[in-house]
Amino acid sequence: MSLTSDPPLGRTTPATTAGGAEDHSALKVVPVRHPWRWAAIVATAVLLAQFAHGLITNSGWEWEVFADYFTADVVLKAVWVTLQLTFYGTALGFALGIVLAFMRLSASRFLQAVAFGYVWAFRSIPLIVQLLFWFNLAYLYKELQFGIPFGPGFFSFDTMGLVGAMSAAVLGLALHQAAYAAEIVRGGVLAVDSGQLEAAAALGIPRLRQIRRIVLPQAMRSILPNAANEVISLFKGTSIVSVMAIGELFYQVQVIYGRNGRVVPLLMVATVWYVLLTSALSALQHYVERHFSKGTTR
């Protein structure tokens, strides 16, 4: 057995500089190969190309029918109704959700119990059931009176004329959304370090100003991603009000293909509108998040 220090044949060793350090400049750098990654890329590209080819060449999609109805007046009006339902449901839902969130964060056990009961109830009952209850409110209550509890009423409203189909849809969507918004807001507030509130209280800053200037700006970074998901889910979930014969996008598409039998192209009309408007909401979410992340990202 050789006891020499000569390197094995076929291998190169780094040269040694005058100072005794090793010079690695003569070594050949070989990049890491990823054959399976490239195989996955090729397979995915082939599948996407086949899918795109099928969309273009398959006559079953009936793109000419899609083009005729995509910007039709009846479809554009239905899109506007869908946007209205989304806006009112989001605005009212998050306004009530903020109130419920701070009720759950309050020191009052009674307010905590009421807020918890609301969230539990409206998250447990399916949205379609809630909508149908509100739509049939006149069956349960002929009129609503306002006055002294268990005493005389001062004025009343006829529920038949007060709660129509659109009002019932907005009410149901907003109350349902409020339960989820309350938990989103509560989670964002709890994510703020409590030490900041203690410092603000020590400085004598009023409680309302602490919430408005210290808590909410920081909580928004945690609230926004989840809130945006809820808004997008509500936007797509407005299609469920079709059970109340409201002319939103999905209902109107159903009416059209019920008359002409062009199911696939009409469904694609609704799909593309949902994709476009969801993409717009996602872009808006990006800019709002960037605004509230100032000072935290480099």
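Note that this is a predicted model, so its numbers are computed, not measured. (Residues numbered from 1 in each chain as written. Predicted model: local features only at pLDDT ≥ 70, side-chain atom pairs only at ≥ 80, totals over all residues. Heavy atoms only, no water.)

Engineer: Account for the nonpolar core, with residues named and values stated.
Structural biologist: Residues Val-75, Val-79, Leu-249, Val-253, Leu-266, Val-269 and Trp-273 are the most contacted members of the largest nonpolar core, which totals 19 residues. Listing elements by their share of this core, those giving two or more residues are α2 (63-70), α3 (73-105), α11 (249-260) and α12 (263-292). Sort the elements by how many residues they give to this core and α12 lands first, with seven residues. The next biggest cluster of nonpolar side chains, apart from the first, holds 14 residues, and it includes Leu-85, Leu-131, Val-163 and Ile-246. (Core = buried A, V, L, I, M, F, W, Y, C linked by side-chain atoms within 4.5 Å. Buried < 20%, exposed > 50% of the residue type's maximum accessible area, 1.4 Å probe, protein only. Helix = DSSP H or I, 4+ residues; strand = E, 2+ residues; numbered from the N terminus.)

Engineer: Kindly report on helix α10 (residues 207-237), identifying the contributing residues and their values.
Structural biologist: Across its 31 residues, α10 extends only 37 Å between first and last C-alpha, which sits more than 12% below the 45 Å expected from 1.5 Å per residue. Where α10 bends most, at Ile-223, the angle is about 45 degrees, and the proline Pro-225 comes one to four residues later. (Expected span 1.5 Å × (residues − 1). Bend = angle between axes of the 7 residues up to and from the residue.)

Engineer: Go over the packing of α3 against α10, please, and point to the residues and values.
Structural biologist: The N-to-C vectors of α3 and α10 enclose an angle of 140 degrees; their axes lie 12 Å apart at closest approach. In terms of their interaxial angle, α3 and α10 are classed as oblique. α10 is crossed by α3, and the crossing has right-handed handedness. In this structure, α3 uses Thr-82, Leu-83, Thr-86, Gly-89, Thr-90, Phe-94 and Phe-102 to contact α10, whose residues at the interface are Ile-211, Leu-216, Ala-227, Val-231, Leu-234 and Phe-235. A class-by-class count of the residues in the contact of α3 with α10 yields nine nonpolar, four polar and no charged. (Axes fitted to C-alpha atoms, helices over the stretch in contact; angles between N-to-C directions. Parallel < 35°, antiparallel > 145°, perpendicular 65-115°, else oblique. Left-handed = near helix turned anticlockwise from the far one by under 90°. Contact = heavy atoms within 4.5 Å. Nonpolar A, V, L, I, M, F, W, Y, C, P; charged D, E, K, R; others polar.)

Engineer: Describe the packing of helix α5 (residues 127-135) against helix α8 (residues 165-190), listing the residues and the values that go with them.
Structural biologist: Where α5 meets α8, the closest approach of the two axes is 8 Å, and the angle between their N-to-C directions is 140 degrees. Classed by the angle they form, the pair α5 and α8 counts as oblique. The hand of the α5/α8 crossing is right-handed. Across the interface between the two elements, Leu-127, Gln-130, Leu-131, Trp-134 and Phe-135 from α5 touch Ala-165, Ala-168, Ala-169, Leu-171, Gly-172, Leu-173, Leu-175 and His-176 from α8.

Engineer: Requested: an account of the packing of aromatic side chains, with residues and values cited.
Structural biologist: Summed over all chains, the structure comprises seven aromatic pairs. Residues Trp-63 and Phe-66 carry aromatic rings whose centres are separated by 5.4 Å and whose planes lie at 85 degrees to one another, so their mutual orientation is edge-to-face. Placement of the pair is Trp-63 and Phe-66 together in helix α2, with a separation of three residues, close to one helical turn. Trp-63 sits in the partly exposed class, given a relative accessible area of 29%. Pairing Phe-87 with Tyr-88 gives two aromatic rings, centres 5.5 Å apart and planes at 65 degrees, and the pair type is edge-to-face. An aromatic cluster of at least three residues, connected via ring pairs, comprises Trp-61, Trp-63, Phe-66, Phe-70 and Trp-273. (Phe/Tyr/Trp six-rings, centres within 6.5 Å; stacked < 30°, edge-to-face > 60°.)

Engineer: Tell me about a nonpolar patch on the surface, residues and numbers included.
Structural biologist: Side chains of Ile-125, Ile-128, Val-129, Leu-132, Phe-133, Tyr-139, Leu-140, Tyr-141 and Val-243 sit close together on the surface and give an oily, nonpolar patch of about 850 Å² of accessible area. The set of elements that each furnish at least two residues to the nonpolar patch consists of α5 and α6 (137-140). In terms of residue count, the dominant contributor to the nonpolar patch is α5 (four residues). Relative to the helices and strands, Val-243 is located in the loop between α10 and α11. (Patch = residues over 30% accessible without salt bridge, like charges linked within 9 Å, V, L, I, M, F, W, Y side chains within 5 Å. Areas by Shrake-Rupley, 256 points an atom, 1.4 Å probe, with all protein chains shown as cover. Salt bridge = Lys/Arg side-chain N within 4 Å of Asp/Glu carboxyl O.)

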